[in-house]
Amino acid sequence: MCGREGVGPRPFYFPLCVSVPPWWILTFDENAKPRHILPQLCILVPVRARLSGERFDVAIIGGGINGVAIARECARAGKRTLLVEQNDFASGTTSRSTRIIHGGLRYLEHGELGLVRESLKERERMLADYPHLVRPLRFVLAIPKASRHNALAIRTGLLLYRKLAGARCLPALAQFDAHLDRPDLATFDYDDAQCEFPERLVAEWLGEAIAAGAVVRNHCTALGLTKNDGRVTGLVIHDTLTGTEARVEAAHVINATGPWADMVCAQSGVETKEKLLGGIRGSHIVLPRFPGAPGSAVYSEAPDGRPVFLIPWNDQLLVGTTEVPDSADPARAEPSPEEVGYLLDSVNHLYPAANIGAGDILYAFAGVRPLPYSPTAKPAAITRRHRIHDHSDDGARGLYSVIGGKLTTAAALAREVARKLGAHVPEPQTALIAPAPADGIEVTLRQWARQISAVAHIPEHSARAVAEWHGRRAMCVARMAGTDDALRHPLCPHSSHIVAEAVEVARYECAVTLGDILLRRVPVALSGCWSKQCTRAAAQRIGWALGWDQLRIGREAELFDAERAAFLKKPSGLSRPQRAA
Ligand SMILES: Cc1cc2nc3c(=O)[nH]c(=O)nc-3n(C[C@H](O)[C@H](O)[C@H](O)COP(=O)(O)OP(=O)(O)OC[C@H]3O[C@@H](n4cnc5c(N)ncnc54)[C@H](O)[C@@H]3O)c2cc1C
């Protein structure tokens, strides 16, 4: 039995849930009227227990990939762990990246051999441990012959990169992209990896953190730290869903707020000698797959010589990125018209026949890289290596801030943090032997999808979609889907993903709002074709399954549309061609 937790500024409440053995569940609305009696379904959405007065060994602020990885590592090491996230897990920089799991070929140019070696090792681990989410990706490196990078230097760099990466290699490309076979371009190829949905990777790590005993809360802002005699003693937290405030005690606090790290220090009265971070905004545009669009990923140079990526992603084309200093609130980061014009220019420079215009852009989005403060360095030259800042000398013993890092190295960073807190964390033993070849993964996925299809009574394309996003847990989704036709419905008419997935993530991955579900845990709304009609359809179907009443369904849909529109911008008022300033 679980109870309603309180009433907040948002009309949000958890329904009372009573399980009626053996397979029935009754949910009640706010006036205690029964709403649902769902045979065979057990829709138990966990209620957030009160935190006030709780004591933790470690409290982590920020639920991006780094914070979640740290929570998982600390909880596994037996530490009583709390993770708080002001919005939703992976809603910050993590979901605004290029989504490449890479060794950082480019870092070789800056002599960061150690970083490249570590990144490549982590890449191999991710490929082995999360093969449904992290997949090998072949890149075509298309460099203008007039570039400052000469062919010999590039060949030497690629040789070194392959040597550092070890044995794994994708099958050689039968033919380079014919559109890039031009006299003004020199083309090479190399392997890296892609995590199309880091939001899903974070969700899996979150599940692993919870399984290891971590207490995790999204929609909870750390308002500030409590301190005593130069040492942090805990946190003050505001739950934005319930409007309640809680004080918790913590022996250590990790500030893993990415580009927000300086703000958290300032709010807590922790003064550092200099700023920790120099935020550098990076923007992307998402295009439909135009005729002649590249089939593999392309790494090239923009007209100004900066690197540009064109990556097949989510049945669309992801193009990025820019580097613009940005010290404003990272939550409000958005692409400027100049950045959008610059990216369009870069695409048209490589694929002139496509003649892509601003009207073709499905959406654009931006994120702020949490790079170390380096006022005089060029953004491209600032190291992507993470750093852990110990605030003992800033009058806050027990507080550590995470600076920088990449999706690729988040797990390594987490091990480092846990060791700093005295945990014994051995290097993982997985992988570092050549993982299964890409076609082997394909066969496994196909077989898995067939089993899921049979259990869930859904078509194989839908089962495949479930398998790719939920990995081992896909069978739990399948079993649930198998119990009720409504749980097998697609989330929206254009999607292969089904309502049972939404229920699964509300139960086990802390998804609370429609935005948590549709933008991050089951991120179907990242499709360029998503419309308000899709929102309405998905809200009704998910609302039914989770026992939301019509008021809540309507409100969730409204908030969702606003959140999506603030994140994924449809550029307007652009005249082509434009270049970034
Ligand atoms: C344009 C761009 C492209 C990139 N491409 C790649 C790539 O291809 N590959 C790669 O490996 N890396 C890439 N990166 C880097 C990578 O995305 C980031 O290093 C990584 O996501 C940082 O994760 P994080 O957890 O530190 O920060 P975030 O993901 O930003 O998480 C910090 C979280 O803290 C929360 N928070 C802030 N203040 C508070 C508070 N007071 N209380 C509670 N919570 C709070 C925020 O809401 C946020 O969710 C890219 C970055 C950018 C910007």
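The following paragraphs examine the structure supplied in this document. Being a predicted model, the structure only gives us computed values, none of them experimental.

If you tally the helices and strands in the chain, you get 15 helices and 20 strands. For the chain, buried positions account for 58% of its 581 residues. For the chain, the accessible area works out to roughly 23700 Å², and carbon and sulfur atoms hold 54% of it.

The next subject is the site of the ligand. Close to the ligand lie 37 residues, the nearest being E85, T93, T94, I100 and G405. One of the backbone N or O atoms of A222 is found 2.9 Å from a nitrogen atom in the ligand. The protein chains hide 96% of the 1000 Å² of surface that the ligand would expose on its own. The set of elements that each furnish at least two residues to the shell around the ligand consists of α1 (65–76), β10 (220–228), β13 (277–287) and β18 (363–372).

Ranked by size, the top nonpolar core spans 76 residues in total, and within it F139, L141, Y190, I517, L518, W530 and I542 carry the most contacts. Setting aside anything within four residues of it in sequence, one finds L518 in contact with L491, P523, V524, A525, W530, A538, I542 and F560. Core analysis: the second largest hydrophobic core is formed by 43 residues, V68, A90, L133 and I254 among them.

Glancing now at empty space enclosed by the protein. Rolled over the atoms, a probe sized like a water molecule indicates the empty space that remains. For the coordinates displayed, the defined rule picks out two cavities of 30 Å³ or more. Together, F89, A90, E199, V202, A203, R520 and R521 line the second largest cavity. Elements with a contribution of two residues or more to the lining of the second largest cavity: α4 (198–211) and α13 (514–521). It is α4 that provides the largest number of residues to the lining of the second largest cavity, a total of three residues. Among the residues making up the lining of the second largest cavity, the classes are represented as four nonpolar, no polar and three charged.

A rise of 1.5 Å per residue sets the reference length of helix α3 (residues 151–165), with its 15 residues, at 21 Å; its end C-alpha atoms lie 21 Å apart and thus fit the reference within 8%. Within α3, burial applies to I154, G157, L158, Y161 and A165. Summarising the axial view, the buried residues of α3 lie within an arc of 100°, below the 170-degree limit, and thus occupy one face. Looking at α3, the residues exposed on the side facing more than 90 degrees away from the buried face are L152, R155, L159 and K163. Packed against the buried residues of α3 are α2 (113–129), β7 (134–144) and β8 (185–195). For α3, the capping residue at the N-terminal end is N150, with a side-chain oxygen 3.0 Å from the backbone nitrogen of L152. Looking one or two places after α3, you find G166, whose phi comes out positive at around 90°.

The subject of this paragraph is the packing of α2 against α3. Between α2 and α3, the least distance of the axes is 9 Å, while the angle of their chain directions is 50°. As summarised for this structure, α2 and α3 are arranged oblique, according to the angle between their axes. Note that α2 runs across α3; the crossing there is right-handed. Contacts between α2 and α3 involve L113, V116, R117, L120, R123 and E124 from the former and L160, Y161, L164 and A165 from the latter. Counted by class, the contact of α2 with α3 contains seven nonpolar, no polar and three charged residues.

Here D484 shows up in the loop between α10 (474–481) and α11 (485–488). The side chain of D484 sits in the buried core without any salt bridge; R488 is the nearest counter-charge, 6.6 Å away. A polar contact is formed between the side chain of D484 and the backbone nitrogen of A486, at a distance of 2.8 Å.

Here the focus is the state of the cysteines. As enumerated under the stated definition, the model contains zero disulfides in all. Residue C529 stays outside any disulfide, its sulfur separated by 5.8 Å from that of C534, the closest cysteine.

Right, let's get into the packing of aromatic side chains. Within this structure, the stated rule accounts for twelve aromatic pairs. When the ring of Y161 is compared with that of Y190, the centres are 5.9 Å apart and the planes differ by 80°; the resulting orientation is edge-to-face. Placement of the pair is Y161 in helix α3 and Y190 in strand β8, with a sequence separation of 29 residues. For Y190, a relative accessible area of 3% translates into the label buried. Measuring from ring centre to ring centre gives 6.2 Å for W530 and F560, while their planes differ by 70°; the resulting arrangement is edge-to-face.

A separate point is the pairing of β8. The element β8 is extensively covered by neighbouring structure, given that ten of its eleven residues are classed as buried. Summarising the sheet, strand β6 (residues 100–101) and β8 pair through two bridges and their orientation is antiparallel. Note that in β8 the partner of I100 across the bridge is Q194. Here β7 pairs with β8 via eleven bridges, running antiparallel. If you follow V140 over to β8, its bridge partner there is D189.

The rules behind the values
- Residues numbered from 1 in each chain as written.
- Predicted model: local features only at pLDDT ≥ 70, side-chain atom pairs only at ≥ 80, totals over all residues.
- Heavy atoms only, no water.
- Helix = DSSP H or I, 4+ residues; strand = E, 2+ residues; numbered from the N terminus.
- Buried < 20%, exposed > 50% of the residue type's maximum accessible area, 1.4 Å probe, protein only.
- Areas by Shrake-Rupley, 256 points an atom, 1.4 Å probe, with all protein chains shown as cover.
- Near = heavy atom within 4 Å.
- Polar contact = N/O pair within 3.5 Å; in protein donor to acceptor, adjacent residues only side chain to side chain.
- Core = buried A, V, L, I, M, F, W, Y, C linked by side-chain atoms within 4.5 Å.
- Contact = heavy atoms within 4.5 Å.
- 1 Å grid on protein atoms, 1.4 Å probe; cavity = no way out; pocket = protein on both sides within 12 Å on 5 of 7 lines; lining within 4 Å.
- Points joined across faces, edges and corners; volume = space filled by probe spheres on them.
- Nonpolar A, V, L, I, M, F, W, Y, C, P; charged D, E, K, R; others polar.
- Expected span 1.5 Å × (residues − 1).
- Arc of directions from axis to C-beta.
- Axes fitted to C-alpha atoms, helices over the stretch in contact; angles between N-to-C directions.
- Parallel < 35°, antiparallel > 145°, perpendicular 65-115°, else oblique.
- Left-handed = near helix turned anticlockwise from the far one by under 90°.
- Lys, Arg positive; Asp, Glu negative; His and termini not counted.
- Salt bridge = Lys/Arg side-chain N within 4 Å of Asp/Glu carboxyl O.
- Disulfide = S-S within 2.5 Å.
- Phe/Tyr/Trp six-rings, centres within 6.5 Å; stacked < 30°, edge-to-face > 60°.
- Pairing = 2+ DSSP bridges.

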